[in-house]
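Topology and contacts: notes
One letter stands for each residue in the lines below.
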Amino acid sequence: MANANNSNGQEQTNGNNKDLNTKREDYLEWKDYFMSVAFLSAQRSKDPSTQVGACIVNDENKIVGIGYNGMPNGCHDDELPWSRTGDWLDTKYPYVCHAEMNAIMNKNCSSVSGCRIFVALFPCNECAKLIIQSGIKEVFYMSDKHKDRDYMIASRKLLDLAGVKYQQHIPKQRKIVIDFDSINERHPKKP
Ligand SMILES: Nc1ccn([C@H]2C[C@H](O)[C@@H](COP(=O)(O)O)O2)c(=O)n1
Ligand SMILES: [Zn+2]
């Protein structure tokens with residue numbers, strides 16, 4: 001679309017040639033926004049191999065819980081292993097809390113029943129149980145890369161039996177960049 005002109009007939013654009021007089025069309029749509037919140041939350045994770053975030057949303061599009069994978073409260077993450085291999089007790093697996101669990105436990109309302117959860121990876125069977133018991137009704141995930149593993153087959157079986165819907169989220173915007181410096185950009189002076 002052509003840029004609007006101001007009263008002096010001059011175009012009003014910013015440094016990136018964005019029209020400053022017309023409503024933005026490239027704003028984040030709701031589901032991309034919630035998945036982005038999940039991905040941003042994942043950046044808090046100290047897991048060296050896989051950072052996962054989850055975001056729970058109610059039917060008013062309000063975020064009611066956020067979480068990422070990390071060690072349990074009070075268990076210092078320098079005192080527990082982050083390894084993937086070796087003796088089971090020396091790996092992270094028996095200790096780490098999954099993003100979905102943390103998002104549910106961090107809820108800022110009395111119940112997440114009827115809510116949706118946005119999560120980077122398809123939930124494992126243990127998280128599926130938590131999702132079902134908490135009353136979450138729908139799962140949006142980005143990747144199902146472990147779908148052939150037994151615990152994922154079990155997860156789908158549980159979700160199907162409980163009537164929890166799930167679907168892969170295909171984002172409209174493939175990449176979202178946060179540029180903290182952009183807030184200091186100044187627009188051309190108003191006429
Ligand atoms: N839906 C999921 C799946 C995995 N996680 C966490 C659990 C671990 O911290 C990490 C997976 O580690 P990897 O086996 O890839 O080294 O991701 C989760 O929170 N939610
Ligand atoms: Zn899990």
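Residues numbered from 1 in each chain as written. Chains lettered and ligands numbered in written order. Predicted model: local features only at pLDDT ≥ 70, side-chain atom pairs only at ≥ 80, totals over all residues. Heavy atoms only, no water.

1. Describing the pattern of salt bridges
For the structure on display, the rule yields six salt bridges. As a salt-bridge pair, Lys46 and Asp77 come within 2.9 Å of each other at their nearest N and O atoms. Of this pair, Lys46 sits in the loop between helix 1 (30–42) and strand 1 (53–57) while Asp77 sits in the loop between strand 2 (63–68) and helix 2 (99–105), and the two are 31 residues apart along the sequence. Residues Asp47 and Lys92 are paired through a salt bridge, measuring 2.9 Å at the closest nitrogen-oxygen approach. Taken as a pair, Asp47 in the loop between helix 1 and strand 1 and Lys92 in the loop between strand 2 and helix 2 lie far apart in primary sequence, 45 residues in all. Each member of the pair, Asp47 as well as Lys92, carries the same accessibility label: buried. (Salt bridge = Lys/Arg side-chain N within 4 Å of Asp/Glu carboxyl O. Helix = DSSP H or I, 4+ residues; strand = E, 2+ residues; numbered from the N terminus. Buried < 20%, exposed > 50% of the residue type's maximum accessible area, 1.4 Å probe, protein only.)

2. A few points about the sheet that holds strand 2
What the five strands build is an open sheet, ordered 2-1-3-4-5; its pairing is mixed. In the strand order of this sheet, the two ends are held by strand 2 and strand 5 (165–168), each with one partner. Each adjacent strand pair in this sheet contributes to an overall mean axis angle of 15°, direction not counted. (Pairing = 2+ DSSP bridges. Axes fitted to C-alpha atoms, helices over the stretch in contact; angles between N-to-C directions.)

3. Describing unusual backbone geometry
The backbone of Asn61 shows a phi angle near 60°, a positive value even though the residue is not glycine. For Asn61, the position within the fold is in the loop between strand 1 and strand 2. You can call Asn61 partly exposed: its relative accessible area is 22%.

4. Examining the side chain of Asp77
There is a polar contact of 2.9 Å between the side chain of Asp77 and the side chain of Lys46. Sequence-distant contacts of Asp77, defined by excluding residues within four places in its chain, comprise Lys46, Met71 and Trp82. (Polar contact = N/O pair within 3.5 Å; in protein donor to acceptor, adjacent residues only side chain to side chain. Contact = heavy atoms within 4.5 Å.)

5. Description of the UniProt feature "binding site: Zn(2+)" (unreviewed entry) in the protein chain
As recorded in UniProt, the sites labelled "binding site: Zn(2+)" (unreviewed entry) are His98, Cys124 and Cys127. A compact arrangement is adopted by the annotated residues: their sequence extent is 30 residues, whereas the largest C-alpha distance between any two is 9.0 Å. Tracing the chain through its elements places Cys124 in the loop between strand 3 (116–121) and helix 3 (125–134). Apart from residues lying up to four places away in sequence, Cys124 is in contact with His98, Glu100, Tyr151, Met152 and Ser155. Judged by its relative accessible area of 2%, Cys127 is buried. (UniProt positions renumbered as here; feature names shortened; annotations may be inferred.)

6. Observations regarding the pairing of strand 2
Bridge count between strand 1 and strand 2: five bridges; the pairing is antiparallel. In the sheet register, Gly53 faces strand 2, and the bridge partner there is Tyr68. The loop that links strand 1 with its antiparallel partner strand 2 comprises five residues; one of these, Asn61, has a positive phi angle of about 60°.

7. Considering the coordination of the zinc ion (ligand 2)
With distances of 2.0 to 2.2 Å, the protein atoms coordinating the zinc ion (ligand 2) are His98 (ND1), Cys124 (SG) and Cys127 (SG). Spacing between the donor residues of the zinc ion (ligand 2) along their common chain follows H-x25-C-x2-C. Remark: Cys127 occurs in helix 3 and His98 occurs in the loop between strand 2 and helix 2; sequence separation between them is 29 residues. In this structure His98 comes out as partly exposed when scored by relative accessible area, which is 31%. (Donors = N, O, S within 2.8 Å, 3.2 Å for Na, K, Ca; no water.)

8. Considerations on the nonpolar core
Judged by nonpolar contacts, the single largest core of 22 residues is most densely connected at Ile56, Ile117, Ile131 and Ile136. For this core, the secondary structure elements donating two or more residues are strand 1, helix 2, strand 3, helix 3, strand 4 (138–143) and helix 4 (150–162). Ranked by residues supplied to this core, first place goes to strand 3 with four residues. Beyond its immediate chain neighbours, meaning those up to four positions away, Ile56 contacts Lys62, Ile63, Val64, Gly65, Ala103, Ile104, Val112, Cys115, Arg116, Ile117 and Ile136. Grouped together as the second largest cluster of nonpolar side chains are nine residues, Cys55, Val57, Phe140 and Met142 included. (Core = buried A, V, L, I, M, F, W, Y, C linked by side-chain atoms within 4.5 Å.)

9. Quick look at the UniProt feature "active site" (unreviewed entry) in the protein chain
UniProt records the feature "active site" (unreviewed entry) for Glu100 in the present numbering. Along the chain, Glu100 turns up in helix 2. With a relative accessible area of 4%, Glu100 lands in the buried category. Residue contacts for Glu100: discarding those within four places in its chain leaves Ala54, Ile117, Val119, Leu121, Phe122, Pro123, Cys124, Cys127 and Ile131.

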